[in-house]
Amino acid sequence: MNTDQPVIEIQGLTHRYGRAEAVQGLNLTVPRGRCYGLFGRNGAGKTTTMKCLLNLLRPRAGTVRIFGLDPRRQEVAVKSRLAYVPDTVAFYPWMSVRDTLNYFAAFRKHWNRELEAQLLERFRLDPGKNVNALSKGQKTQLALMTAICPEPELLILDEPTSGLDPIVRREFIETVIGAYQEGDPGNRTVLVSTHLITEFEGLIDEFTIMDAGREVVRMNADEAREKYQKIRVRFVGEVPKLELPGAISSRTRGRELEVIVNGGGSVVIDHLRSLGPEELATESLRLEEIFTVTLQ
Amino acid sequence: MNQSPTFIVWWKEVRSVLPLWGVAVFAMLVSTVAPERAIDISPSTLCLFAFTLGSLVTSAHLFTRECSDRTLIWQLTMPQARMAPFWRKCCVAAGLQLLLTALFLMVIPRPQSLPANDPYLFCAITSLVAIASATLWGLVLRQTAGAVVMALTSAAFLMLGTYSFLEWSANELGGQWAQALGKPHVQMWLMSCLWVLLALASGIAAMIVWHRLQLKGDAAVISGIEIGVMAQFFSARTFARRPVWFALITKELGLLRHCFWLAALVVAAAGVFIIADLWLEQRISAAIRGTTHPEPLLWWQGVLRGVGMGIFVLAMVITPLMCGALAFAEERHLGNHAWQLCQPVSALRRWFNKIGTVAAVSVILGLLLPATLAWIHASLRNGEPMDSALAPGALPQVLTAHFLLFSLSAWAGSWSQNTISAIMKTFVALIAYVVLHAQMAGLHTPRYYSTIADHPVTAWTVTGLALVVVALFATLINHRMLLVPPRNWLTQSAVLVSAVVIAFYTGMVDN
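As the structure is a computational prediction, the values presented were derived from the model and not from experiment.

1. Quick word on the packing of helix 14 (residues 347–380) of chain B against helix 15 (residues 395–414) of chain B
Residue and element names in this part refer to chain B. Running from N to C, helix 14 and helix 15 cross one another at 130 degrees; their axes reach a closest spacing of 11 Å. In terms of their interaxial angle, helix 14 and helix 15 are classed as oblique. The handedness of the crossing between helix 14 and helix 15 comes out as right-handed. Residues I355, V358, A359, S362, V363, G366 and L367 of helix 14 form the contact with helix 15, whose own contacting residues are V398, L399, H402, F403 and F406.

2. Observations concerning unusual backbone geometry
Residues and elements named next belong to chain A. You will see that F67, though not glycine, has its phi angle at about 55 degrees, which is positive. Among the secondary structure elements, F67 is positioned in the loop between strand 4 (61–66) and helix 2 (75–79). With a phi close to 55 degrees, R124 is a non-glycine residue in the positive phi region. Position of R124 relative to the elements: it lies in the loop between helix 4 (113–122) and helix 5 (136–148).

3. So, the state of the cysteines
Residue and element names in this part refer to chain B. Taken as a whole, this structure holds zero disulfides over all chains when the rule is applied. Summary of cysteine pairing: C323 is not part of a disulfide, and the nearest cysteine sulfur, belonging to C259, is at 3.6 Å. Overall, C323 belongs to the buried group, its relative accessible area being 0%.

4. Details of the interface of chain B and chain A
In this assembly, 29 residues from chain B lie in contact with 29 residues from chain A. With both chains or domains summed, chain B and chain A bury close to 3,000 Å², and 66% of this area falls on carbon and sulfur atoms. Our count for the chain B to chain A interface comes out at one salt bridge. Residue R82 of chain B pairs with E75 of chain A through a salt bridge whose shortest N-O separation is 3.1 Å.

5. Considering the sheet that holds strand 13 (residues 279–284) of chain A
Residue and element names in this part refer to chain A. Spatially, the four strands line up as an open sheet ordered 11-12-10-13, and their pairing is antiparallel. With one partner strand each, in any of the chains shown, strand 11 (247–253) and strand 13 form the two edges of the open sheet. Adjacent strand axes in the sheet meet at a mean angle of 15 degrees when their direction is disregarded. Where strand 11 and strand 12 (residues 256–262) come together, six bridges link them in antiparallel fashion. Across the sheet, the residue bridging to S249 is I260, located in strand 12. In the packing of helix 8 (residues 265–273) onto the sheet, contacts are made with strand 10 (228–234), strand 12 and strand 13, and the angle to strand 10 comes to roughly 5 degrees.

6. Focus on empty space enclosed by the protein
All names here are of chain B. Under the criterion given, the structure shown has four cavities of 30 Å³ or more. A volume near 40 Å³ is recorded for the second largest cavity. Counting residues per element, the lining of the second largest cavity draws most heavily on helix 12 (residues 295–334), which supplies four residues. Partitioned by chemical class, the residues of the lining of the second largest cavity number two nonpolar, three polar and three charged.

7. Points about a nonpolar patch on the surface
All names here are of chain B. A cluster of nonpolar residues, W87, I204, M207 and I208, forms a patch on the protein surface that exposes about 380 Å² of accessible area. Here the nonpolar patch gets three residues from one element, more than from any other, and that element is helix 8 (residues 184–211). By the element assignment, W87 lies in helix 4 (residues 83–107). For W87, a relative accessible area of 42% gives the class partly exposed.

8. A few points about the confidence of the model for chain B
All names here are of chain B. Per-residue pLDDT for chain B has a mean of 77; in total, 76% of the residues score no lower than 70. Per-element confidence in chain B is highest for helix 4, whose mean pLDDT is 89, and lowest for helix 9 (residues 213–241), whose mean pLDDT is 44. Counting contacts from residues 215–240, a segment whose pLDDT is below 50, to residues more than four positions away or on other chains yields 37 contacts. As scored by the predictor, the complex reaches a pTM of 0.69 and an ipTM of 0.76.

9. Side note on the packing of aromatic side chains
This structure, assessed with the given rule, holds 18 aromatic pairs over all chains. For the pair F51 of chain B and F104 of chain B, a centre-to-centre distance of 4.3 Å together with 20 degrees between the ring planes defines the contact as stacked. Placement of the pair is F51 of chain B in helix 2 (residues 43–68) and F104 of chain B in helix 4, with a sequence separation of 53 residues. With relative accessibility at 0%, the residue F51 of chain B sits in the buried group. In this structure F104 of chain B comes out as buried when scored by relative accessible area, which is 0%. Here the aromatic residues F91, Y92, W94, Y103, F104 and F107 of chain A together with W74 of chain B are joined through ring pairs into a cluster of three or more. It is R81 of chain A that lies over the ring of F67 of chain A; its NZ or CZ is 4.0 Å from the centre.

10. Notes on the environment of K136 of chain A
All names here are of chain A. Position of K136 relative to the elements: it lies in helix 5. A relative accessible area of 62% means that K136 is categorised as exposed. Measuring from C-alpha to C-alpha, the distance between K136 and A90 comes to 9.2 Å, with 46 residues separating the pair along the chain.

Rules of the game
Residues numbered from 1 in each chain as written. Chains lettered and ligands numbered in written order. Predicted model: local features only at pLDDT ≥ 70, side-chain atom pairs only at ≥ 80, totals over all residues. Heavy atoms only, no water. Axes fitted to C-alpha atoms, helices over the stretch in contact; angles between N-to-C directions. Helix = DSSP H or I, 4+ residues; strand = E, 2+ residues; numbered from the N terminus. Parallel < 35°, antiparallel > 145°, perpendicular 65-115°, else oblique. Left-handed = near helix turned anticlockwise from the far one by under 90°. Contact = heavy atoms within 4.5 Å. Disulfide = S-S within 2.5 Å. Buried < 20%, exposed > 50% of the residue type's maximum accessible area, 1.4 Å probe, protein only. Buried area = accessible area lost by both parts, 1.4 Å probe. Salt bridge = Lys/Arg side-chain N within 4 Å of Asp/Glu carboxyl O. Pairing = 2+ DSSP bridges. 1 Å grid on protein atoms, 1.4 Å probe; cavity = no way out; pocket = protein on both sides within 12 Å on 5 of 7 lines; lining within 4 Å. Points joined across faces, edges and corners; volume = space filled by probe spheres on them. Nonpolar A, V, L, I, M, F, W, Y, C, P; charged D, E, K, R; others polar. Patch = residues over 30% accessible without salt bridge, like charges linked within 9 Å, V, L, I, M, F, W, Y side chains within 5 Å. Areas by Shrake-Rupley, 256 points an atom, 1.4 Å probe, with all protein chains shown as cover. pLDDT = per-residue confidence, 0-100. Phe/Tyr/Trp six-rings, centres within 6.5 Å; stacked < 30°, edge-to-face > 60°. Lys NZ or Arg CZ within 6 Å of the ring centre and 35° of its normal.

Next up, the structure:
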């Protein structure tokens, strides 16, 4: 196994639905063992990108490689090493939870029965219950189980936590995905597309923000937190009118000024200090704030 | 895990169509026990109908169910070759078809009444068309009902096309060719070859469609949801700008879009049939006047009339079935039912709008349209109707049958989660009704009803109308619920049976 080789490598990916460009010239590289976030508004092209990766859609242009393989030509080899959870989950209506798990296990060479039992208990899913009787959240839980139990090298999750209650969502993100990656550190990769960026804050190593099918920002999460800073300044009197080079946005609330900078924070801080503020504090932006600021 | 992975994977395919296949088997078996004198239809016709429809529906549904259940995504993302599920489904279709064929050959009461006078040839052709053509249309249309209609239509068009070619060649070519082509067995041989070619071409096309599914596959996976969202958006716009009744009617017409497609197909097929039939009649007249033998032409006229009758019967049977089922089950399938229940419109008003609109569409497309086409055909043939069932005297029976089909499918649709499931349940209900009625008629002969020949009030019309009223009332009850629990539809089934029994006995007239 070549550990230096990226798990996912996309170059110049383009896909259209009729005349509408869903993805335009996207480049993406996901290294092994990382949790990679794909963020964007509705219709940004995240799901289309994932479906091109899985050979569910054929790209108009560009190349896609997973584990260095072409998912179109080496479909079985690629899919036996990954698992996918779609944004809309549906199961065969005549099957029970147990039947469904057995059905998905039938396609896999490896299936962790111990993990399956643990997850059934954690999610409080009755194995004898018909899938039609499951709630939307429980169906999502079952879909996650079918993806995690074969312990694949790559987990592709498209809005995996939609429909889950906050407790299960937190447990799923921190415990289930965390435990999945820790099961074989450095080798298990996660590509996740989500709107609930805050929930994934601690897990995301790298991310790409997409808008209208194009990449807007691609960054390492730690670097992003260092680069994007929020500076809060409180003045004794009124907030003076300022020209701050490098500031992405600024907002005034009474005597307080809030400035968001993308790099060059020290220059802005020095400039603000020179004005003799009553208080000056800096903090790193959370990923969700970076997402909001970037797309505004 | 007790079962082997291979068994689980194959059993899943079998299980997905087992209820439909079971209905076909049940219908074939029942057709042999129904007393012929009590049900005006030959048992072999019922058996033939069940076999043909069962074959087409089973093959198409194996593929379309993945779309209707929105589970196609799992088949495409599992670690298996893209063609693996396709071949698995084809093998299951072939296996089930073999069993169905074996049963058909065992139970068919009168093999001599089958088309082509050869049950083996008929079974082989039906099986080929079912597995290849219904599969192809199922993959293209992603809907079982549409796939069955298109498979039948493509077969009918092939038959008409072949007939026209043979007729032309037999008349235009001279010498031995004309003589050879004029003989029925040569025509049958050529026709069979073309059916096999149709099946082969359909099979190859189906493989290509499945293999390149990703090009359209994404739309299929989410089409149900997209249509649901679009329907909601459309309804929301309509609610905001138009009167409520207009919004409700527009929405109902949108739900019945498949019926309009079917009507367009019927018009096209009937047009081709009428032209071909008139042309053939001219040829027969010319042959009778001249020295040519008219027998081959008369044989072909019989085949053509059979196809033509099939087109009219298809429109008259499928349209009310589809209208009733689509009106109620499609809404639940699209996920719009809960949204509809939350609108500030009373359930009764919503139900009246729905039933009124759908019944009107059903009557227009399922009765008036075929009647108009039959009238055009009869007018062009100097007022001579093709069959007594299409004559004006049969109107009370036809109307009762139409509303019975419509109301039973609406009732089945009101507690089903999708259209094909509703149609399947309607078939079960219809068969149960026919058997129950036949058994009662066996105990108390229909002479109690009327001794007047062609009297409009028969045992069938009395029990049929009772069923219509009770089924529509049950539909209203179910329409108010988001999910209909099994005890409700079981109770309603018992009430429907009671209604038939009570109507049968109270409606008797002692002569």
